[in-house]
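Close look at the chain arrangement
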Amino acid sequence: MSDIKLFHFGGTEVTELPGSAMQVEKSLQVLFEANLEALLGIRFLATEHSTGPVHGGRIDTLGLDEDNSPVIIEYKRSVNENVINQGLFYLDWLLDHRKEFQWMVMERLGADAANAVEWTAPRLICIAGDFTRYDEHAVKQIARNIELIRYRRFGEDLLMLELVHAPKTARTNNIRSTASEKQAVGGAEQGADGLVDPYLSSRMSYRLSQSSSELRDIYDAVQQFLLGLGDDVQVKELKLYTAFKRIKNFVCMEIYPQARTVSIYLRLNPSSIVMEEGFTRDVRNIGHFGTGDLQISLKTMADFEKAQPLLVQAYEGG
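Residues numbered from 1 in each chain as written. Predicted model: local features only at pLDDT ≥ 70, side-chain atom pairs only at ≥ 80, totals over all residues. Heavy atoms only, no water.

Here we come to helix H11 (residues 301–316). Helix length check: H11 (16 residues) gives 23 Å between terminal C-alpha atoms against 22 Å at 1.5 Å per residue, within 8%. Maximum bend of H11: about 40°, positioned at Ala 307, with proline Pro 309 one to four residues after it. Buried within H11 we find Asp 303, Phe 304, Ala 307, Leu 310, Leu 311, Ala 314 and Tyr 315. Buried residues belonging to H11 abut helix H10 (213–227), strand E12 (249–256), strand E13 (261–266), strand E14 (280–282) and strand E15 (294–298). (Helix = DSSP H or I, 4+ residues; strand = E, 2+ residues; numbered from the N terminus. Expected span 1.5 Å × (residues − 1). Bend = angle between axes of the 7 residues up to and from the residue. Buried < 20%, exposed > 50% of the residue type's maximum accessible area, 1.4 Å probe, protein only. Contact = heavy atoms within 4.5 Å.)

A few words now on the nonpolar core. Within the largest apolar cluster, 30 residues are counted, with the highest numbers of intra-cluster contacts made by Val 251, Val 262, Ile 264, Leu 266 and Leu 298. Contributions of two or more residues to this core are made by H10, E12, E13, E15 and H11. If sequence neighbours within four positions are ignored, Val 262 has contacts with Leu 215, Ile 218, Tyr 219, Met 253, Glu 254, Ile 255, Ile 296, Ser 297 and Leu 298. One finds Leu 45, Leu 91, Leu 124 and Phe 131 within the second-largest nonpolar core, a separate group that totals 29 residues. (Core = buried A, V, L, I, M, F, W, Y, C linked by side-chain atoms within 4.5 Å.)

What follows covers the confidence of the model for the chain. When pLDDT drops low, the exact placement of atoms in the prediction is not to be read closely. On average, residues of the chain carry a pLDDT of 84, and 85% of them reach 70 or more. Within the chain, no element has a lower average pLDDT than helix H8 (residues 179–183), which sits at 41, and none a higher one than E15, at 96. Below pLDDT 50 for its whole length, residues 174–201 participates in 49 contacts with residues either more than four positions away or in separate chains. (pLDDT = per-residue confidence, 0-100.)

Consider a sheet: its strands pair through backbone hydrogen bonds, and that pairing is either parallel or antiparallel. Spatially, six strands are ordered E10-E11-E12-E13-E15-E14 in an open sheet, and the strand pairing comes out antiparallel. Lying at the two open borders of the sheet, with one neighbouring strand each, are strand E10 (234–237) and E14. Ignoring which end each strand starts from, the neighbouring axes of this sheet average 20° apart. Judged from the four bridges that link them, strand E11 (residues 242–245) and E12 form a sheet pairing that is antiparallel. If you follow Thr 242 over to E12, its bridge partner there is Met 253. (Pairing = 2+ DSSP bridges. Axes fitted to C-alpha atoms, helices over the stretch in contact; angles between N-to-C directions.)

Rendered as structure tokens:
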């Protein structure tokens, strides 16, 4: 059981608010689905989605995360329910029905979102009032992107989420798409064999290979610093940027060899930061890859040292 406790300070008295973790009821699923972006940084797509007569199941919640990766959310309704195996079953179904998922994204979020779906690292999130030690051990042995989130209700209007387990580094899938599949939602890069494969050529990998050793040192230093902030930090290397997240992204990082700059985007309110020309920039109304409203440009190790307090602040708010 979780040992987290919540106390209310009222005058000179301290009162413990009793926490509850009843079996997940439909009302809690509805609460999550109505507030997915605020709670988990995920855009809602569908509820109780049928996997058809062959699979004979229903996915509790389907969504698309901040990095455009597909997300399956399953709610553990009883201690003995094997929600992890069930979620893996649905994850395999999802990878076999990518075209159906992308049409769903197109209908709900538009063609641009459907074109941007990232199939390299789909996620499975299991939400429960509690997990057994066997659950926590099992997910460590499975080479898939599985996250365990424990919840607690405190009174009528407080909900606590605790990230129990998440892979330190997102596991990627070697998935190939045929031209006919991708043509349904837009174009993509083409491999030597004529198959459309948006993952064959990664801009981030190419930019890293073209960067100077000094610039790669800055990139590596930022990554090691962020990973060292806590055991709950996850790193996800995507085609266009590298994302660092807890429950949500708190930093996204890109590298530009020609400009000799490492750009990082932080989940911070630019209005609360004193801007410094050439170092920080408000990008709330400027299009960019990844998430985050504050951009920091790093050209030297001195810039990285100056950015560290802001990186910590973004982590603490993530």
